[in-house]
Structure formats: C-alpha cells, structure tokens
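# Descriptive structure summary
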Amino acid sequence: MGNLVFDESVILLNVKGETKETVLENIARNLVDKGLVKESFISAILKRESEFATGLPTAGVSVAIPHTDVEHVNQATISVAVLEHPVNFVIMGDDSETTPVQLIFMLAMDEAHSQLTLLQKLMKIFQDEQTLSALVKETNKSNIKNLLEEKLDLRAFEGGER
Amino acid sequence: MAKKTVLVACGAGIATSTVVNSAIEEMAKEHNIDVNLIQIKIAEVGSYVDSADLLVTTAMTKTEYPFPVINARNFLTGIGVEDTKKQILEALKNSN
C-alpha cells in the first residue's frame, strides 16, 4: 500500500455547483488532473453516489464521503472540498431523504478494508462540531491541511511508513 | 450461546463497513459475544442468506432477509450510536 497523498493540491475551497453531480465531478476532475485517479474514477464516483448515497447529517455542518472501487485509483488520497453553497445529498442508508452538504471528503482508497485508523479518525471529525465549522470557514488551504493532519494523525502515519 | 454470523455491508465494502466492522468487533468483545464478522458489499448479501444471523449496513436495502437488518449510519456520525449498539446487542442475544 502506498502512502496517502494529502496536501494543498487536493484541498479545494469555494467549489461551485448547484447539484451534487456537478460538485462531485469538479472534485474528481482535480484528482484526475493530478494523476491520482484514473479518468474512470469520475463516472464511478457519480454512479456509486446515485446507488449508495454518502450524505451524513452531523450535529453541525453536513458532510459527504463519496468513494468508489479501488481499481479506479492510482494513489490513495483524501480530497477535501468546501462548497460555495450547500448542495443536497441523499443521506447514507436512505433512498430519498437529503441533507444540505457543505463539506466533502472524497475518499480515493487503493486497497479495500484498509486505512481503518484513518477512517475512524475521520469519522471522529464528523462528531466534532467545532472542527467541522472551522473547516468550512477557513480560507487558507494550508491551515486546513495542518488542522486535518493533526486530527487524522497523518504526520505520525507518514513517519511510520519510512 | 452459538457463534453468530454478522454481515457488515456498505456500498463499496471499502470505507464505512471497515469502520462499522471494527466497532462491532470491539462491542462483541466487551460483551463477551462470540461473533463471526463478514465484511462485504451490500450486493453480496444474497450469498449469505442461509448462514447469516444479522445484517448491519450503512447502505439502503429494500430486500427482505430472513434475519434482522440494522442501519449503521450512526456509527459514522455518532448521533444515536448507543441506541444502535443496543439494537445490535439485542439482535445478537435473540437470534438462534
């Protein structure tokens, strides 16, 4: 398993789009342009989101964690996107109820059932109203990177790989 | 008590089921319940219809199964997670 890519290049601010399809495509397109995922990742993400929605209402800002199969991924990464306006996503495990999502963590995993610790830490953030609110208000990508590196313990993770 | 087979499923079998799987594993250990956890994609549940005792999933399913189905979204958001845990424990204690 390769290292997880997480830097300013996968952090997107003010992502525009009126529908979840548009914002998902914008976020996924950036990953394709960076060579982190294959072109097929875009349609795979859209298809998976329509079949198995990933919107999550939290105590604060609603989030979504779109992801898809490992074969579309070149290099594992988590892309973080703050939307210009909240966009409705269907709630995970529901078939029609939606939640206005403003923060998206697009997961590009290169191995199934991996990254448990990282995912657990990510879910912890969803239960942390203050951090969520800080993330959507932040206008500096490096600050988002530093905050999430700390919350997700990414620096320690990278250190362990060496 | 016989060992229970619990299916943990999400859409992709990649992300959310990994987290839920680990939460149930911990919970079972804590309550001394012997479980056989199987992490799968929701589309694969059909192959386990005869062997499973419980399905815990973050994905939506409209199919009727001969075992209880519990929605596990709360494990991700933390909202109401204690109720979900109780539900799972009850299901594990009741099924034979």
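Below is a summary of the structure that appears in this document.

So, how was this worked out
Residues numbered from 1 in each chain as written. Chains lettered and ligands numbered in written order. Predicted model: local features only at pLDDT ≥ 70, side-chain atom pairs only at ≥ 80, totals over all residues. Helix = DSSP H or I, 4+ residues; strand = E, 2+ residues; numbered from the N terminus. Rg over C-alpha atoms; globule rule 2.2 N^0.38 Å. Buried ≥ 20, exposed ≤ 12 C-beta atoms within 10 Å, placed from the backbone. Contact = placed C-beta atoms within 7 Å. Nonpolar A, V, L, I, M, F, W, Y, C, P; charged D, E, K, R; others polar. Pairing = 2+ DSSP bridges. Axes fitted to C-alpha atoms, helices over the stretch in contact; angles between N-to-C directions. Core = buried A, V, L, I, M, F, W, Y, C linked by C-beta atoms within 7 Å. Parallel < 35°, antiparallel > 145°, perpendicular 65-115°, else oblique.

A separate point is the overall build of chain B. Across its full length, chain B holds three helices and four strands. Mapped from its N terminus to its C terminus, chain B presents α and β elements in the order β-α-β-β-β-α-α. Taking 96 residues into account, the globule formula puts the C-alpha radius of gyration at 12 Å, and chain B, at 12 Å, falls close to it. Relative to its 96 residues, chain B shows a buried fraction of 39%. Restricting the contact set of chain B to residue pairs at least 6 apart, pairs at least 24 apart contribute 59%.

Another aspect to go through is the overall build of chain A. Scanning chain A from terminus to terminus reveals six helices and five strands. Each helix and strand of chain A, ordered N terminal to C terminal, gives the series β-α-α-β-β-β-β-α-α-α-α. The C-alpha atoms of chain A give a radius of gyration of 15 Å, which matches the 15 Å a tight globule of 162 residues would have. Projected onto its principal axes, the C-alpha coordinates of chain A cover approximately 45 × 35 × 25 Å.

This part covers the interface of chain A and chain B. The interface of chain A with chain B comprises 26 residues on the first partner and 18 residues on the second. Those elements giving two or more residues to the side of chain A that touches chain B turn out to be helix 2 (40–51) and helix 3 (116–126) of chain A. At five residues, the largest contribution of residues to the side of chain A that touches chain B is made by helix 3 of chain A. Here the side of chain A that touches chain B is composed, by residue class, of 14 nonpolar, seven polar and five charged.

A separate point is the sheet that holds strand 4 (residues 69–71) of chain B. All names here are of chain B. A sheet is described by the order of its strands in space; here four strands give the open sequence 2-1-3-4, paired in parallel fashion. If you trace the sheet from one side to the other, it starts and ends with strand 2 (35–41) and strand 4, each paired once. Along the sheet, successive strands turn relative to each other by an average axial angle of 25°, direction set aside. Bridge count between strand 3 (residues 54–57) and strand 4: three bridges; the pairing is parallel. Its bridge partner lying in strand 4, V56 is registered against I70. Sitting on the sheet, helix 3 (residues 81–94) is in contact with strand 1 (4–10), strand 2, strand 3 and strand 4, with an inclination near 165° to strand 4.

This next bit is on the nonpolar core. Core analysis: the largest hydrophobic core is formed by 76 residues, its most contacted members being F41, V63, I104, F105 and A108 of chain A together with V56 of chain B. With eight residues, strand 4 (residues 77–90) of chain A is the single largest residue contributor to this core. Apart from the residues within four sequence positions on either side, V56 of chain B is in contact with V6, V8, V20, I24, I70, A72 and I88 of chain B.

This part takes up the sheet that holds strand 1 (residues 11–15) of chain A. Residue and element names in this part refer to chain A. Within the open sheet, the five strands sit side by side as 1-4-5-3-2. Their pairing is mixed. Every interior strand has two partners, whereas the edge strands, strand 1 and strand 2 (55–56), have only one. Sheet topology places strand 4 next to strand 5 (residues 98–108); 10 bridges connect them, and they run antiparallel. Residue F89 lies in a different strand from strand 5, and its bridge partner there is T99. Sheet strands in contact with helix 1 (residues 20–33) are strand 1, strand 4 and strand 5, and its direction is about 165° off that of strand 4. Packed on one face of the sheet, helix 5 (residues 141–151) meets strand 1 and strand 4 and runs near 125° to strand 1.

Glancing now at the packing of helix 3 of chain A against helix 1 (residues 16–30) of chain B. Where helix 3 of chain A meets helix 1 of chain B, the axes come as close as 9 Å, and the angle between the chain directions of the two elements is 90°. Judged on the interaxial angle alone, helix 1 of chain B and helix 3 of chain A are roughly perpendicular. Facing helix 3 of chain A, whose interface residues are L116, L119, Q120 and M123 of chain A, helix 1 of chain B presents T18, V19 and S22 of chain B. When its residues are assigned to classes, the contact of helix 3 of chain A with helix 1 of chain B shows four nonpolar, three polar and no charged.

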